[in-house]
Amino acid sequence: MDLQPFRQWLQENGITLHDGISVVETPGRGVAVVAIGAEHILHPQTVVSIPKSAILSVRSCALAEQIRWEPYGHSANLALAFALYSEILSETQSKWFPYLQTLPATPVPIARLWGDTAAFPDDLDSNEAQWWLHGTEIQRELQDAEGYLLMDQARTYYKMEVQPLLDSMEYHPTLQGFLHAYSLVCSRAFLVDAYHGLSMVPVADAFNHTHENHVQLASEYDVCPTCGSLSECTHDGDSTPLCYTPTSTPRDTASQYPDTVDMVTVGSIAPGAEVFNTYGSDLGNAQLLARYGFALEGGDTDAITVGWPGSGVSPDSIDEKDVFRSVYVVVREELKATVQRSALLFVAKEEIVRGSLPPVINSDGQTALALFIWAVMQALSENPPPELAGISELDIMGAVPRYVPAVVRALLRIEDEREGADPPVDEGRSGPPDAEVDFELAEELLAAAAEALSSFCRTRIAGMGKKGYRGASAFVLGDILDSLPPAWYKTRVAIGYLLSERALLETCAAGWEELMEAITGRPEVDEDSDMEL
């Protein structure tokens, strides 16, 4: 690939690079950014500055008046894919033509597209890989909150929005071409500001990902959502909704002011090093495979979540969600320091309060306090103590904060005994003097909660992977992996991810099964059979 036309285009559009870095082509990986100087690039530095007039968005593309702008969500990906595809079809007539030539010429192998015959026609690897994603965290990435497949939405959007307009302009669109653009948006786009929204940002998208990144993207988000102005404008004070409607305001209004998207350092950069960005410091391999088409070694940020269709745990109603959040906030505030003593539990970030999906099992196989609370709820519901007999499920949920602290204390005491450590001072088998729940009841609830957690993990494992091999042992899956053709990257990475996620669940289940044995003397649960019944 000759990058000289692209470099010339950068100059013409006011995009500046630090003297110590360069955009280069790498064999088999497309473009990347490397440090070319003889000296370290010291932090802090701005290594790339991109005027917002040079970014490609729904609002800056040639068909801006015809494509409906969307502020967020999957609909924003689809709208930007439409804009990008229209520019690709415009070829040399596109303002961004030299930039577009640096992008992958075929669909990026994101897991969202695996098994799609339009994106990957006659690709046996793609067809096989999709079946191994069932029941894994990648499945969550392939569907919306209600469980509808994102690719079904993409195909509908193409049929209803993209194809009619581009056909009318004699652009001769194809579904494969649109999905190619869609894969580029999923794997390369950035949220820039309140005006452009999701955008393709030249050069910024050439930085590859790692969790130990050198740079990060910086952009002033709070611009006028109507005209993009960074400074005071005539729309100030308007109650303009975050949706696109045609306006007579010139689209280059924002360019009157020095408003840029910058790549800034987060640390020093050594000479000769590839310069990395991060697409998200907490992204696990499920997100990386689904959105970007690759996975990292180690899986240090991999996690298990719940609350999505197919996850095994999801509140049945809005009332249950609201009550659970209230219970979680109360218990977390009381126990967040205490829980840190446990080898089996951890406290996730507070995003759960805002309704997102934090991890419930982390990369060490530990259980989040939120999932532990759910397990205690199951224990109380299935065998309620006399004071809770006959009350509703919601009322039992509301009573959980009375019981969880005593159950956690019972857990810590048993862990201390197993490690040969002394229990905390003044805490006998009945708990501290102010405990409302005696130790015997707390221990019974702990055993039942441990059983619920083990069952959750084992059930998730039994539902993962290709039908006919769900529940198969790691040895069986390893043999399948070894027998695959060397070129079958997608299936290899799919089964590799499946094994990694299973290992997290196995570790978590084993911890609770060992605890159950310590409490009740029951043997651990047998391993699953090699084949599905």
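Rules of the game
- Residues numbered from 1 in each chain as written.
- Predicted model: local features only at pLDDT ≥ 70, side-chain atom pairs only at ≥ 80, totals over all residues.
- Heavy atoms only, no water.
- Helix = DSSP H or I, 4+ residues; strand = E, 2+ residues; numbered from the N terminus.
- Buried < 20%, exposed > 50% of the residue type's maximum accessible area, 1.4 Å probe, protein only.
- Contact = heavy atoms within 4.5 Å.
- Areas by Shrake-Rupley, 256 points an atom, 1.4 Å probe, with all protein chains shown as cover.
- Polar contact = N/O pair within 3.5 Å; in protein donor to acceptor, adjacent residues only side chain to side chain.
- Core = buried A, V, L, I, M, F, W, Y, C linked by side-chain atoms within 4.5 Å.
- Salt bridge = Lys/Arg side-chain N within 4 Å of Asp/Glu carboxyl O.
- Pairing = 2+ DSSP bridges.
- Axes fitted to C-alpha atoms, helices over the stretch in contact; angles between N-to-C directions.
- Parallel < 35°, antiparallel > 145°, perpendicular 65-115°, else oblique.
- Left-handed = near helix turned anticlockwise from the far one by under 90°.
- Nonpolar A, V, L, I, M, F, W, Y, C, P; charged D, E, K, R; others polar.
- Phe/Tyr/Trp six-rings, centres within 6.5 Å; stacked < 30°, edge-to-face > 60°.
- Disulfide = S-S within 2.5 Å.
- Expected span 1.5 Å × (residues − 1).

> Run through the overall build of the chain, naming residues and quoting values.
The helix and strand tally for the chain stands at 14 helices and 13 strands. For the chain, the proportion of its 533 residues judged to be buried stands at 52%. Across the chain, the fraction of contacts at a sequence separation of at least 24, relative to all contacts at a separation of at least 6, is 73%. If you sum the accessible surface of the chain, you get close to 24,600 Å²; carbon and sulfur atoms cover 51% of it.

> Got a sec to walk through unusual backbone geometry? Specific residues and values, please.
Backbone torsion omega between His43 and Pro44 reads 5°, so that peptide bond is classified as cis. Backbone geometry places Glu91, a non-glycine residue, at a positive phi of 50°. Assessed through its relative accessible area of 52%, Glu91 is described here as exposed. Look at His172: it is not a glycine, yet its phi comes out positive at around 55°. Among the secondary structure elements, His172 is positioned in the loop between α6 (150-168) and α7 (175-188).

> Kindly report on the side chain of Glu501, identifying the contributing residues and their values.
Relative to the assigned elements, Glu501 resides in helix α14 (residues 489-520). One polar contact links Glu501 to Tyr497, side chain to side chain, over a distance of 2.6 Å. Apart from residues lying up to four places away in sequence, Glu501 is in contact with Gly135, Thr136, Glu137, Ile304, Arg460 and Met464.

> An account of the nonpolar core is needed here, citing residue identities and associated values.
Core analysis: the biggest nonpolar cluster contains 154 residues, and Phe207, Phe372, Ile373 and Trp512 have the highest contact counts within it. In this structure, Ile373 is in contact with Phe324, Val327, Tyr328, Val331, Val400 and Val404, ignoring residues within four places of it in sequence.

> Tell me about the pattern of salt bridges, and name the residues and values.
For the structure on display, the rule yields 18 salt bridges. Where Glu128 meets Lys466, a salt bridge forms, and the shortest distance between an N and an O atom there is 3.0 Å. Residue Glu128 is located in helix α4 (residues 124-131), and its partner Lys466 is located in the loop between α12 (439-462) and α13 (474-483); the two are separated by 338 residues in the primary sequence. For Lys466, a relative accessible area of 23% gives the class partly exposed. Linking Glu514 and Arg418 is a salt bridge whose minimum nitrogen-to-oxygen distance equals 3.4 Å.

> Provide a residue-level description of the sheet that holds strand β7 (residues 198-200), including the pertinent values.
Hydrogen bonding along the main chain pairs the strands of a sheet, whether they run parallel or antiparallel. With antiparallel pairing, the three strands of this open sheet are ordered in space as β5-β7-β6. For this open sheet the edge positions go to β5 (56-57) and β6 (190-191), each flanked by a neighbour on one side alone. As judged from the two bridges shared by β6 and β7, these two strands associate in the antiparallel manner. By the bridge assignment, Phe190 is partnered in β7 with Ser199.

> Go over the packing of helix α2 (residues 74-90) against α7, please, and point to the residues and values.
Orientation of α2 relative to α7, taken along the N-to-C sense of each, is 120°, at an axis distance of 8 Å. When the axes of α2 and α7 are compared, the pair comes out oblique. The two elements α2 and α7 cross, and the hand of that crossing is right-handed. Between α2 and α7, the contacting residues are His74, Asn77, Leu78, Leu80, Ala81, Phe82, Leu84, Tyr85 and Ile88 on the first element and Gly177, Phe178, Ala181, Tyr182, Leu184, Val185 and Cys186 on the second. Its residues assigned to classes, the contact of α2 with α7 shows 13 nonpolar, three polar and no charged.

> Which residues make up the sheet that holds strand β1 (residues 16-17), and what values do they have?
On the basis of which strands lie adjacent, the open sheet formed by four strands has the order β1-β4-β10-β9 and antiparallel pairing. Each end of this open sheet is capped by a strand with a single partner; those strands are β1 and β9 (215-219). Here β9 runs beside strand β10 (residues 260-265); their pairing, made up of five bridges, is antiparallel. From the neighbouring strand, Leu217 faces β10, where its bridge partner is Met263.

> Can you break down the packing of aromatic side chains residue by residue, with the values?
Per the counting criterion, the structure on display carries twelve aromatic pairs. Aromatic pair Trp9 and Tyr99: ring centres 6.2 Å apart, planes at 20°, arrangement stacked. Taken together, the residues Trp9 in helix α1 (residues 4-12) and Tyr99 in helix α3 (residues 97-100) connect sequence positions 90 residues apart. Judged by relative accessible area, which is 3%, Trp9 ranks as buried.

> Requested: an account of the state of the cysteines, with residues and values cited.
In total, this model carries zero disulfides according to the counting rule given. Unpaired in terms of disulfides, Cys227 finds its nearest cysteine sulfur in Cys224, a separation of 3.7 Å. Of the cysteine sulfurs around Cys233, a residue in no disulfide, the closest is that of Cys224, at 3.6 Å. For Cys233, a relative accessible area of 17% translates into the label buried.

> Can you lay out α2 for me, pointing to particular residues and giving the numbers?
Helix length check: α2, at 17 residues, gives a terminal C-alpha distance of 25 Å against a target of 24 Å (1.5 Å per residue), a fit within 8%. Most of α2 is tucked away: 14 of the 17 residues are buried. Note on α2: the residue one or two positions beyond its end, Glu91, has a positive phi of about 50°.

> Break down the environment of Ile391 for me, with residues and values.
Structurally, Ile391 is set in the loop between α10 (369-382) and α11 (393-419). Judged by its relative accessible area of 34%, Ile391 is partly exposed. Along the sequence, Ile391 and Ser381 sit ten residues apart, while their C-alpha atoms lie 9.6 Å from each other.

> Break down the side chain of Thr367 for me, with residues and values.
As for its position among the elements, Thr367 is in strand β13 (residues 367-368). Note on Thr367: relative accessible area 0%, which makes it buried. There is a polar contact of 2.9 Å between the side chain of Thr367 and the side chain of Trp512. Not counting residues up to four positions away in its chain, the partners in contact with Thr367 are Leu344, Leu345, Phe346, Val360, Phe372, Leu453, Cys508 and Trp512.

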